[in-house]
Amino acid sequence: MTSGTTVNLEQGAFGVPDGSRAEIEVPTFVELDPAIAQTGLISDPADRAVRVFVGKKGSGKTVYLRRFQAAANDEDSVYATGVDQNSPATDNVTKFSRWYRGGDITERWSMAWRIAVLRSLCSHLLFARALSSYGSIPDRKTLRRLAEEAMPDVGTPRSVYDQLGSMISTNRTRQAFDAEVHSGIWADLEYWLRQIIQDAPPIFFYLDAVDEEYATAPSDWLRCQKGLFHQVMRFLRDPDFGGRLHIVIAIRDNVFASILRSEHATRYRTDPHVRVLAWDRPAVRFFFARKLERLSHEQVMYPHSRRTVAAWLGHTQITNAIRDQDEDLEDYIVRHTRMLPRDIVLMGNELAEEVRKAKGEGRASVPQARIRDTVSKVAAWCGNEQLFVCGNQILGDSPYQPAMDQADGEEHIYERIAEIVRSVGTDQFGPTALAQLAEQGRMTMGDAVDLTAVLWQNGLLGFGDASLNGGEWVFHGVEDVDRLFIPLDRERYALHPCLLDALGFRGAGAGTKPVRPWRRGAA
């Protein structure tokens with residue numbers, strides 16, 4: 001028996017879904033069991049090799065970044081800045097993109113990020129008290145003189161985001177920006193930075209929220225993030241900066257997928273400096289179980305029992321009203337999520353509120369109808385959000401140009417996708433319907449759009465696999481971010497349960513078997 005851990009009710013029984021406010025200290029933070037978790041999920045915060053966290057929205061990128069920053073900050077032998085979440089304004093990102101329309105825009109972004117990093121590094125070496133004693137006096141004087149010429153308005157430690165935004169906003173034209181970026185003064189400044197940083201402790205910059213406004217300009221932000229990724233890896237490979245300057249970032253899975261579709265795929269697919277937060281069914285169930293263990297007496301229906309779903313809600317099974325059959329309650333809850341920790345937190349907090357109501361009414365369990373309604377509500381939140389992610393991927397990756405007002409493009413493409421998916425008419429279907437779904441996507445959004453691939457990559461479309469535990473449904477996982485297309489040789493395909501709730505389907509239900517993300521070698 002466990003009494004559980006008292007949880008701040010203001011932030012929900014399962015915690016807060018916002019990674020920037022979530023608790024990062026053990027025991028509140030859930031340490032995953034290495035025996036069941038993918039490599040990226042069990043990354044040790046003391047590991048100084050990490051440069052990039054890759055994950056879906058809601059996978060915990062911000063939490064991991066904050067944990068690594070906190071660990072570095074507690075180490076006296078390094079200099080670590082705080083996690084920077086003040087990403088460049090979308091206006092600056094779109095402005096830059098208008099300047100450099102064309103195939104080399106990612107490389108242009110990479111150059112811009114490099115200058116921003118050099119400016120930020122210079123500001124910290126010159127003005128941060130903790131770094132003021134490093135480097136010889138003549139070297140520091142030379143660096144200060146160059147800084148006064150190259151960045152005269154900087155007199156305090158500045159972040160990389162701040163310096164990138166400043167560079168773009170203060171230049172009115174592409175020509176002016178080019179003149180600044182290609183100025184020979186940066187080569188001089190870089191030379192003296194290399195001299196001084198060898199005497200300084202390792203310096204850590206942490207950049208988060210680079211995708212916070214991704215939806216406002218998907219294509220522009222995609223290239224901005226790719227440029228940042230490439231520059232981070234170039235600094236890593238630099239013989240002088242590589243071991244002294246640690247730039248740690250978090251990027252979306254679709255950005256990494258785009259990088260892997262380039263000539264650099266083999267370089268980064270298994271790079272130990274890139275950690276993919278690959279949540280799958282075992283990891284999510286472990287996370288769910290640990291969250292249940294920490295509930296207080298007041299937050300479960302049977303407080304003197306071991307913390308399980310049955311003790312929490314008062315049921316071991318639930319009747320699926322659509323199929324009129326019983327299924328395991330934990331499976332029912334988990335399969336209505338996207339296998340992400342944020343979804344478990346959202347689902348847990350909403351169901352915890354139903355526990356509170358049921359106990360207040362003197363009930364012995366939460367009514368099953370309330371459980372079904374709550375699970376459906378949260379699943380609809382997740383499904384709708386994932387549909388917007390699909391729309392943003394299409395806008396970011398392809399020349400999608402429907403007849404629409406640019407201002408409402410995100411809403412417009414969401415409705416287009418929803419309409420096409422609803423036209424399938426059922427949640428389970430065969431290869432013919434899959435081909436029709438792909439054709440409808442091309443007819444509606446252009447020949448360059450493969451809607452089935454987008455739905456597959458975002459975990460909303462899966463296939464039945466008879467070789468797995470008697471026939472599981474297989475959905476794409478972020479660990480296979482480079483597996484771009486759903487297999488076309490399967491007999492059955494299905495829409496994810498959260499998509500059914502988002503679009504109001506009442507079909508056979510893809511969840512007759514527990515769904516889980518794709519695992520390598522599964523098919």
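Remember, it's a predicted structure, so these values are computed and weren't measured experimentally. (Residues numbered from 1 in each chain as written. Predicted model: local features only at pLDDT ≥ 70, side-chain atom pairs only at ≥ 80, totals over all residues. Heavy atoms only, no water.)

Chemist: Account for the overall build of the chain, with residues named and values stated.
Modeler: Across its full length, the chain carries 19 helices and 12 strands. Considering the chain as a whole, with its 523 residues, one finds that 59% of them fall into the buried category. Within the chain, counting contacts between residues at least 6 apart in sequence, those at least 24 apart form 76% of the total. (Helix = DSSP H or I, 4+ residues; strand = E, 2+ residues; numbered from the N terminus. Buried < 20%, exposed > 50% of the residue type's maximum accessible area, 1.4 Å probe, protein only. Contact = heavy atoms within 4.5 Å.)

Chemist: An account of the side chain of Ser296 is needed here, citing residue identities and associated values.
Modeler: Structurally, Ser296 is set in the loop between helix H11 (281-293) and helix H12 (309-313). Among the polar contacts made by the side chain of Ser296, one reaches the side chain of Glu298 at a distance of 3.2 Å. (Polar contact = N/O pair within 3.5 Å; in protein donor to acceptor, adjacent residues only side chain to side chain.)

Chemist: How would you summarise the state of the cysteines if you had to cite specific residues and measurements?
Modeler: Applying the stated criterion across every chain yields a total of 0 disulfides. Cysteine Cys382 is unpaired, with the sulfur of Cys498 as its nearest cysteine sulfur at 6.1 Å. (Disulfide = S-S within 2.5 Å.)

Chemist: An account of the environment of Val78 is needed here, citing residue identities and associated values.
Modeler: Here Val78 is to be found in the loop between helix H1 (61-73) and strand S2 (79-84). On the accessibility criterion, Val78 (14% relative accessible area) is buried. Between the C-alpha atom of Val78 and that of Arg244, which follows or precedes it by 166 residues, the distance is 9.4 Å. The contact partners of Val78, leaving out residues within four places of it in the chain, are Ala72, Pro201, Pro202 and Phe204.

Chemist: Kindly report on the nonpolar core, identifying the contributing residues and their values.
Modeler: Trp312, Leu313 and Ile417 are the most contacted members of the largest nonpolar core, which totals 90 residues. Listed in part, the 69 residues of the second largest apolar core include Ile168, Trp186, Leu193 and Ile203. (Core = buried A, V, L, I, M, F, W, Y, C linked by side-chain atoms within 4.5 Å.)

Chemist: If you had to explain the environment of Val449 to someone new, which residues and values would you point to?
Modeler: Within the fold, Val449 resides in the loop between helix H17 (431-445) and helix H18 (451-457). When the C-alpha atoms of Val449 and Ile394 are compared, they prove to be 7.0 Å apart, with 55 residues separating the residues in sequence.

Chemist: I'd love a proper account of the packing of aromatic side chains, names of residues and values included.
Modeler: All told, the structure shown has 22 aromatic pairs when counted by the stated rule. The structure contains a cluster of three or more aromatic residues connected by ring pairs, namely Phe96, Trp99, Tyr100, Trp109 and Phe177. Between the NZ or CZ atom of Arg67 and the centre of the ring of Phe29, over which it lies, the distance is 3.8 Å. When the ring centre of Phe235 is taken as origin, the NZ or CZ atom of Arg114, which lies over that ring, is 4.5 Å away. (Phe/Tyr/Trp six-rings, centres within 6.5 Å; stacked < 30°, edge-to-face > 60°. Lys NZ or Arg CZ within 6 Å of the ring centre and 35° of its normal.)

Chemist: I'd love a proper account of the packing of helix H4 (residues 137-150) against helix H7 (residues 185-197), names of residues and values included.
Modeler: The geometry of H4 relative to H7 is characterised by a closest axis approach of 10 Å and an angle of 150° between their N-to-C directions. With respect to H7, the element H4 is oriented roughly antiparallel. The interaxial crossing formed by H4 with H7 has left-handed handedness. Residue-level contacts link Asp139, Arg140, Thr142, Leu143, Leu146, Ala147, Glu149 and Ala150 of H4 to Ile185, Trp186, Asp188, Leu189, Trp192, Leu193, Gln195 and Ile196 of H7. (Axes fitted to C-alpha atoms, helices over the stretch in contact; angles between N-to-C directions. Parallel < 35°, antiparallel > 145°, perpendicular 65-115°, else oblique. Left-handed = near helix turned anticlockwise from the far one by under 90°.)

Chemist: Help me get a handle on the packing of helix H2 (residues 90-99) against helix H8 (residues 218-237), residues and values and all.
Modeler: At a minimum axis distance of 9 Å, the contact between H2 and H8 shows a crossing angle of 85°. Judged by the angle between their axes, H2 and H8 are roughly perpendicular. Contacts between H2 and H8 involve Thr90, Val93, Thr94 and Ser97 from the first element and Asp220, Trp221 and Cys224 from the second. When its residues are assigned to classes, the contact of H2 with H8 shows 3 nonpolar, 3 polar and 1 charged. (Nonpolar A, V, L, I, M, F, W, Y, C, P; charged D, E, K, R; others polar.)

Chemist: For the sheet that holds strand S1 (residues 52-55), give the residues involved together with the corresponding values.
Modeler: Ordered in space as S2-S3-S4-S1-S5, the 5 strands form an open sheet in which the pairing is parallel. Every interior strand has two partners, whereas the edge strands, S2 and strand S5 (274-276), have only one. Across the sheet, the axes of successive neighbouring strands diverge by a mean angle of 15°, strand direction being ignored. Judged from the 5 bridges that link them, strand S3 (residues 203-207) and strand S4 (residues 245-252) form a sheet pairing that is parallel. Note on S4: the bridge partner recorded for Ile203 is Leu245. (Pairing = 2+ DSSP bridges.)

Chemist: Could you give an account of H7, with specific residues and numbers?
Modeler: For H7, spanning 13 residues, the distance from its first C-alpha to its last is 18 Å, which sits close to the expected 18 Å at 1.5 Å a residue. Taken together, the buried positions of H7 are Ile185, Trp186, Leu189, Glu190, Leu193, Arg194, Ile196 and Ile197. In this fold, the buried residues of H7 make contact with helix H3 (105-127), H4, helix H6 (174-181), S3 and S4. (Expected span 1.5 Å × (residues − 1).)

Chemist: Give a description of the side chain of Asp208 that names residues and reports values.
Modeler: Inspection of the secondary structure assignment puts Asp208 in the loop between S3 and H8. One buried charged residue, Asp208, remains without a salt bridge, the closest side chain of opposite sign being Lys61 at 6.9 Å. A distance of 2.7 Å separates the side chain of Asp208 from the side chain of Thr62, its partner in a polar contact. (Lys, Arg positive; Asp, Glu negative; His and termini not counted. Salt bridge = Lys/Arg side-chain N within 4 Å of Asp/Glu carboxyl O.)

Chemist: Residues and numbers for the pattern of salt bridges, please.
Modeler: Under the definition given, this model contains 31 salt bridges. A salt bridge links Arg194 to Asp240; its shortest N-O distance comes to 2.9 Å. Taken together, the residues Arg194 in helix H7 and Asp240 in the loop between H8 and S4 connect sequence positions 46 residues apart. Exposure remark for Arg194: the relative accessible area of 16% places this residue in the buried category. Each of Arg114, Glu190, Arg194, Asp238 and Asp240 takes part in salt bridges that share partners, so that together they form one network.

Chemist: Can you break down H1 residue by residue, with the values?
Modeler: An ideal rise of 1.5 Å per residue puts 18 Å on 13 residues; H1 measures up with 18 Å between its terminal C-alpha atoms. With 11 of 13 residues buried, H1 is to be regarded as a mostly interior element. All of the buried residues in H1 are Lys61, Thr62, Val63, Tyr64, Leu65, Arg66, Arg67, Phe68, Gln69, Ala70 and Ala72. Buried positions along H1 lie against S1, S2, S3 and S4.

Chemist: So what about the pairing of S1? Which residues, and what values?
Modeler: Burial along S1 is two-sided: Val52 and Val54 facing one way and Phe53 and Gly55 facing the other are all buried. Bridge count for S1 against S4 is 4 bridges, and the pairing is parallel. Note on S4: the bridge partner recorded for Val52 is Ile249. Of the pairings in the sheet, the one linking S1 to S5 comprises 3 bridges and is parallel in character. If you follow Val52 over to S5, its bridge partner there is Val274.

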